Amino acid sequence: MTVHWYPLPSRDDATGAATAAFRAAFGREPDGLWAAPGRVNLIGEHVDYQAGLCLPFALPQRTVVAIATRDDDLLRLRSAQLDGSGDTWEGRIGEIRPGSVPGWAGYGAGVPWALRADGFDVPGADVLVDGSVPLGAGLSSSAALECALALALDDVAGLGLATSDAGRARLAAACVRAENEIAGAPTGGMDQAAALRCRAGHALLLDCRDFGATQVPFDLAGAGLELLVTDTRAHHALVDGRYGSRRDTCARAAASLGVTTLREIPGKTLDSALAVVRDAALDAVLADELCRCVRHVVTEIDRVTAVATLLREGRLREIGPLLDASHRSLRDDYQVSCAELDVACEATLAAGALGARMTGGGFGGSAIALVEAADTQTVAKAVADAFAARGWDHPIFLRAVPDTAGERLR
Ligand code: GLA
């Protein structure tokens, strides 16, 4: 059984390829190139939109944008990652509205729209999108695109936001608005923070009450460990309603508890909160659904705190059981896993992983496993074998290494 790996991204190759593709698409030279990373969320899943805590880190895999400004208000977007139909969109920035930009282009077109809505004067531009963040793998290719373009527009318009963490938080907020309002994905903000605010060798402890961020050392190599990512290649999309319905359920549960978000429910009061939610629900089915959501969010936030503490103390191996508990909670209570993600986790654990869980929005996408560095290949092969035994398409792996946030490449 062949084990498939994503190639290690090379900055020089990415720069050369995007420049050549820009020339071919637009017949001129780009003003520059900017890139932003995909992310893995170590733990803290489906809690960002409930003002919770999450712990993502940036990947070496990046989305690159080559751009040149224009004198008019036109935005021309072209993707070198999509071949053929739907790879190009153009329109006037002043005419972009919720619902007016179909498909992937909404993630790009939303960015100048959101920056202008925030009062920043950004110009029309020709934009070529390329890069190495796998699409639809739950590794946040959409936020990588938004954030690379936000960095580019910040730079060419001289906004100066990218030079400080506070400025980057503002860019991230504009990208979230672009994603929510123009692309129509009701996501929570973790991914954009990761793409713009992470530091190499660290995970980002993000408090989504105010998007305050703390860098937590995460030295996998120093501990002799690796984090294996399995892209199950099962389809993952956040605009199909299932993500939004979980978010709505949380909002209903919070309302029945009389709080704005479930973050306000401390873990030690979980049982009494569940009793209140159960009593307030109209029927047993709804009571069960609301209670499962509350239990996931409240327990997951506590697990993030526990993992961050272990990382700070250098006790990396001990986070394994917390990763497992997170997966069970997402699978059984929150119900956002799928057969491929469950099999990936089970196979990695059976092959000796210290802990495993789905990462990102779920319903397909990727799983992570914490493994002894010497075991990575064996563990990956065990997953590939488990997929083959079920007749599924082969997964693709990568070793996740905490890298830097987005930046200008050239
Ligand atoms: C997606 C969303 C994030 C977050 C995760 C789940 O990645 O974009 O905002 O909600 O799912 O943790």
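Model, not experiment: these values are computed from the prediction. (Residues numbered from 1 in each chain as written. Predicted model: local features only at pLDDT ≥ 70, side-chain atom pairs only at ≥ 80, totals over all residues. Heavy atoms only, no water.)

Colleague: I'd like a description of the site of the ligand, backed by residues and values.
Modeller: Neighbouring residues of the ligand: 14 residues in total, closest Glu 45, His 46, Asp 48, Asp 191 and Tyr 243. Here an oxygen atom of the ligand sits 3.4 Å away from a polar atom, N or O, in the main chain of Gly 361. Notes on the ligand: free accessible area 310 Å², of which the protein chains cover 99%. In the shell around the ligand, the residues fall into four nonpolar, six polar and four charged. (Near = heavy atom within 4 Å. Polar contact = N/O pair within 3.5 Å; in protein donor to acceptor, adjacent residues only side chain to side chain. Areas by Shrake-Rupley, 256 points an atom, 1.4 Å probe, with all protein chains shown as cover. Nonpolar A, V, L, I, M, F, W, Y, C, P; charged D, E, K, R; others polar.)

Colleague: Hey, could you go over the state of the cysteines for me, with residue numbers and the actual values?
Modeller: What the rule picks out here adds up to zero disulfides. Free of any disulfide, Cys 208 has its nearest cysteine sulfur in Cys 54, 3.9 Å distant. Considering cysteine sulfurs only, Cys 250 is the nearest to Cys 293, which forms no disulfide, with 4.8 Å between them. (Disulfide = S-S within 2.5 Å.)

Colleague: Describe unusual backbone geometry, listing the residues and the values that go with them.
Modeller: A positive phi angle, close to 65°, is found at Arg 233, a residue other than glycine. Positive phi, close to 55°, is recorded for Gln 335, a residue that is not glycine. Of note, Gln 335 is situated in the loop between helix H9 (320-333) and helix H10 (339-350). With a relative accessible area of 40%, Gln 335 lands in the partly exposed category. (Helix = DSSP H or I, 4+ residues; strand = E, 2+ residues; numbered from the N terminus. Buried < 20%, exposed > 50% of the residue type's maximum accessible area, 1.4 Å probe, protein only.)

Colleague: How would you summarise the packing of aromatic side chains if you had to cite specific residues and measurements?
Modeller: This structure, assessed with the given rule, holds five aromatic pairs. When the ring of Phe 22 is compared with that of Phe 26, the centres are 4.9 Å apart and the planes differ by 50°; the resulting orientation is tilted. Here Phe 26 and Phe 22 lie together in helix H1 (residues 11-26), a separation of four residues that amounts to about one turn. A residue is classified by how much of its surface remains accessible, and Phe 22, at 0% relative accessible area, is buried. (Phe/Tyr/Trp six-rings, centres within 6.5 Å; stacked < 30°, edge-to-face > 60°.)

Colleague: Explain the sheet that holds strand S8 (residues 202-207) to me, and be specific about the residues and the numbers.
Modeller: Strands in a sheet are paired, the pairing made by backbone hydrogen bonds, and the direction either parallel or antiparallel. Pairing is antiparallel in the open sheet, where three strands are placed in the order S3-S8-S9. In this open sheet, the two edge strands, each paired with only one partner strand, are strand S3 (53-54) and strand S9 (212-217). Strand direction decides the pairing type here: S8 and S9, joined by six bridges, are antiparallel. From the neighbouring strand, Leu 204 faces S9, where its bridge partner is Gln 215. Relative to S8, helix H5 (residues 190-197) is tilted by about 135°, and along the sheet it contacts S3, S8 and S9. Sitting on the sheet, helix H8 (residues 284-312) touches S3, S8 and S9, and the angle it makes with S9 is about 45°. (Pairing = 2+ DSSP bridges. Contact = heavy atoms within 4.5 Å. Axes fitted to C-alpha atoms, helices over the stretch in contact; angles between N-to-C directions.)

Colleague: Before we move on, could you go through the pairing of strand S10 (residues 225-231) and cite the residues and values that matter?
Modeller: Counting buried positions along S10 gives six out of seven residues, so the element sits mostly inside the fold. Where S10 and strand S12 (residues 366-372) come together, seven bridges link them in antiparallel fashion. If you follow Val 229 over to S12, its bridge partner there is Ile 368. In this sheet, strand S13 (residues 396-400) lies alongside S10 in antiparallel orientation, the contact comprising five bridges. By the bridge assignment, Leu 227 is partnered in S13 with Ala 400.

Colleague: So, the sheet that holds strand S11 (residues 355-359): which residues are in play, and what are the values?
Modeller: Overall, mixed pairing links the five strands, which are arranged S1-S13-S10-S12-S11 in an open sheet. Each edge of the sheet is formed by a strand with only one pairing partner; in this case those strands are strand S1 (4-5) and S11. Where H10 meets the sheet, it contacts S10, S11 and S12, and its direction lies at approximately 160° from that of S11.

Colleague: Give me the lowdown on H1, citing residues and values where you can.
Modeller: Its 16 residues give H1 an end-to-end C-alpha distance of 22 Å, which sits within 8% of 22 Å, the value for a rise of 1.5 Å per residue. Those residues of H1 that fall on the buried side of the exposure criterion are Thr 15, Ala 18, Thr 19, Phe 22 and Phe 26. Seen from one end, H1 has its buried residues packed into an arc of 100°, which puts them on one side. Turned more than 90 degrees away from the buried face of H1, the exposed residues are Asp 12, Asp 13 and Ala 24. The inward-facing, buried residues of H1 abut strand S2 (32-41), strand S4 (56-69), strand S5 (74-79) and strand S7 (125-131). Gly 27, located one to two residues past H1, shows a positive phi value of around 65°. (Expected span 1.5 Å × (residues − 1). Arc of directions from axis to C-beta.)

Colleague: An account of the domain arrangement of the chain is needed here, citing residue identities and associated values.
Modeller: In terms of domain boundaries, the chain breaks down into domain 1 (4-218) and domain 2 (221-400). Look at where the C-alpha atoms of domain 1 and domain 2 centre, and you get two points 25 Å apart. Facing 42 residues of domain 1, the contacting portion of domain 2 comprises 55 residues. In total, domain 1 and domain 2 occlude about 3900 Å² of area from one another, counting both sides; carbon and sulfur atoms represent 67% of this. (Domains from an automatic or database assignment. Buried area = accessible area lost by both parts, 1.4 Å probe.)

Colleague: Requested: an account of the packing of helix H2 (residues 105-117) against helix H4 (residues 165-182), with residues and values cited.
Modeller: Interaxial distance between H2 and H4 falls to 8 Å at its minimum, and their mutual angle equals 120°. Judged by the inter-axis angle, H2 sits oblique to H4. The interaxial crossing formed by H2 with H4 has right-handed handedness. Between H2 and H4, the contacting residues are Gly 106, Tyr 107, Gly 110, Val 111, Trp 113, Ala 114, Leu 115 and Ala 117 on the first element and Leu 171, Ala 174, Cys 175, Arg 177, Ala 178, Glu 179, Glu 181 and Ile 182 on the second. Broken down by class, the residue content of the contact of H2 with H4 amounts to 11 nonpolar, two polar and three charged. (Parallel < 35°, antiparallel > 145°, perpendicular 65-115°, else oblique. Left-handed = near helix turned anticlockwise from the far one by under 90°.)

Colleague: Residues and numbers for the side chain of Asp 87, please.
Modeller: Structurally, the position occupied by Asp 87 is in the loop between S5 and strand S6 (88-92). Buried charged residue Asp 87 carries no salt bridge. Nearest counter-charge: Arg 78, at 4.1 Å. Here the side chain of Asp 87 touches Thr 88 through a polar contact of 3.0 Å, side chain to side chain. Ignoring anything within four residues of it in the chain, the contact list for Asp 87 reads Leu 77, Arg 78, Ser 79, Leu 82 and Trp 104. (Lys, Arg positive; Asp, Glu negative; His and termini not counted. Salt bridge = Lys/Arg side-chain N within 4 Å of Asp/Glu carboxyl O.)

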